[in-house]
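# Structural features, examined
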Amino acid sequence: MAYYVESGEPALLTGDALFAGSLGRSDGPGGDASRLRDGLSRICRPLDDATRLLPGHGGPSTLGGERRLHAFLR
(Lines give C-alpha, C1' and ligand atoms only; values in the text may rest on other atoms or scores of the structure.)
Protein backbone atom coordinates (compact mmCIF):
# COMPACT_ATOMS: atom_id res chain seq x y z
CA MET A 1 0.00 0.00 0.00
CA ALA A 2 1.21 3.49 -0.78
CA TYR A 3 -0.34 6.93 -0.38
CA TYR A 4 0.28 9.84 -2.74
CA VAL A 5 0.01 13.38 -1.32
CA GLU A 6 -0.38 16.14 -3.92
CA SER A 7 -0.75 19.23 -1.74
CA GLY A 8 2.43 21.20 -1.15
CA GLU A 9 5.49 19.19 -2.13
CA PRO A 10 4.31 15.95 -3.84
CA ALA A 11 5.18 12.90 -1.76
CA LEU A 12 4.63 9.16 -1.92
CA LEU A 13 4.37 7.41 1.43
CA THR A 14 5.62 3.92 0.63
CA GLY A 15 5.50 2.26 4.05
CA ASP A 16 7.29 -1.08 3.90
CA ALA A 17 6.99 -1.45 0.11
CA LEU A 18 9.95 0.70 -0.98
CA PHE A 19 12.84 2.03 1.10
CA ALA A 20 15.60 4.43 0.10
CA GLY A 21 17.92 2.20 -1.92
CA SER A 22 16.01 -1.00 -1.28
CA LEU A 23 12.85 -2.86 -2.15
CA GLY A 24 10.59 -3.80 0.74
CA ARG A 25 10.44 -7.33 2.08
CA SER A 26 8.24 -9.90 0.43
CA ASP A 27 9.33 -13.05 2.21
CA GLY A 28 6.54 -13.10 4.80
CA PRO A 29 3.26 -15.01 4.58
CA GLY A 30 1.48 -14.06 1.34
CA GLY A 31 4.50 -12.09 0.13
CA ASP A 32 5.24 -12.02 -3.58
CA ALA A 33 8.28 -10.09 -4.89
CA SER A 34 6.93 -10.03 -8.44
CA ARG A 35 3.60 -8.52 -7.34
CA LEU A 36 5.44 -6.00 -5.19
CA ARG A 37 7.63 -4.85 -8.11
CA ASP A 38 4.65 -4.75 -10.51
CA GLY A 39 2.54 -2.76 -8.07
CA LEU A 40 5.30 -0.23 -7.40
CA SER A 41 5.94 0.12 -11.11
CA ARG A 42 2.25 0.82 -11.78
CA ILE A 43 2.04 3.36 -8.93
CA CYS A 44 5.32 5.17 -9.63
CA ARG A 45 5.37 5.26 -13.44
CA PRO A 46 3.16 8.37 -13.85
CA LEU A 47 4.84 10.34 -11.04
CA ASP A 48 7.57 12.95 -11.46
CA ASP A 49 11.20 12.24 -10.52
CA ALA A 50 11.07 15.04 -7.92
CA THR A 51 8.35 13.23 -5.93
CA ARG A 52 9.63 12.66 -2.40
CA LEU A 53 9.49 9.10 -1.12
CA LEU A 54 8.75 8.68 2.56
CA PRO A 55 9.31 5.05 3.60
CA GLY A 56 8.16 3.34 6.77
CA HIS A 57 11.81 2.85 7.83
CA GLY A 58 14.96 4.84 7.14
CA GLY A 59 15.34 8.23 5.53
CA PRO A 60 13.49 9.89 2.68
CA SER A 61 14.46 9.66 -0.97
CA THR A 62 13.13 10.84 -4.32
CA LEU A 63 11.47 8.86 -7.05
CA GLY A 64 14.20 9.94 -9.48
CA GLY A 65 16.88 8.60 -7.16
CA GLU A 66 15.13 5.27 -6.80
CA ARG A 67 14.59 5.00 -10.56
CA ARG A 68 18.38 5.06 -11.00
CA LEU A 69 18.62 2.05 -8.65
CA HIS A 70 15.56 0.01 -9.58
CA ALA A 71 15.01 -0.85 -13.25
CA PHE A 72 11.32 -1.72 -12.68
CA LEU A 73 10.61 1.90 -11.68
CA ARG A 74 11.95 3.39 -14.95
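First, a word on what this report is: a plain description of the structure on this page. A quick note: this is a predicted structure, and the numbers were derived from the prediction, not measured. (Residues numbered from 1 in each chain as written. Predicted model: local features only at pLDDT ≥ 70, side-chain atom pairs only at ≥ 80, totals over all residues. Heavy atoms only, no water.)

Right, let's talk about the nonpolar core for a bit. Counting ten residues, the largest nonpolar core consists of Leu12, Ala17, Leu18, Leu36, Leu40, Cys44, Leu47, Leu53, Leu63 and Leu73. The biggest single contributor to this core is helix H1 (residues 33-44), with three residues. Not counting residues up to four positions away in its chain, the partners in contact with Leu40 are Ala17, Leu18, Leu23, Phe72 and Leu73. (Core = buried A, V, L, I, M, F, W, Y, C linked by side-chain atoms within 4.5 Å. Buried < 20%, exposed > 50% of the residue type's maximum accessible area, 1.4 Å probe, protein only. Helix = DSSP H or I, 4+ residues; strand = E, 2+ residues; numbered from the N terminus. Contact = heavy atoms within 4.5 Å.)

Right, let's get into the sheet that holds strand E1 (residues 3-5). Here four strands make up an open sheet; going across it, the order is E1-E2-E5-E6 and the pairing mixed. If you trace the sheet from one side to the other, it starts and ends with E1 and strand E6 (61-62), each paired once. (Pairing = 2+ DSSP bridges.)

The next subject is the pattern of salt bridges. Evaluated as defined, the whole model comprises three salt bridges. Measuring nitrogen to oxygen at the nearest pair gives 3.9 Å for the salt bridge that ties Arg52 to Glu9. With Arg52 in strand E5 (residues 52-55) and Glu9 in the loop between E1 and strand E2 (11-15), the pair connects residues that are 43 residues apart, well separated along the chain. Judged by its relative accessible area of 29%, Arg52 falls in the partly exposed class. Glu9 sits in the exposed class, given a relative accessible area of 52%. (Salt bridge = Lys/Arg side-chain N within 4 Å of Asp/Glu carboxyl O.)

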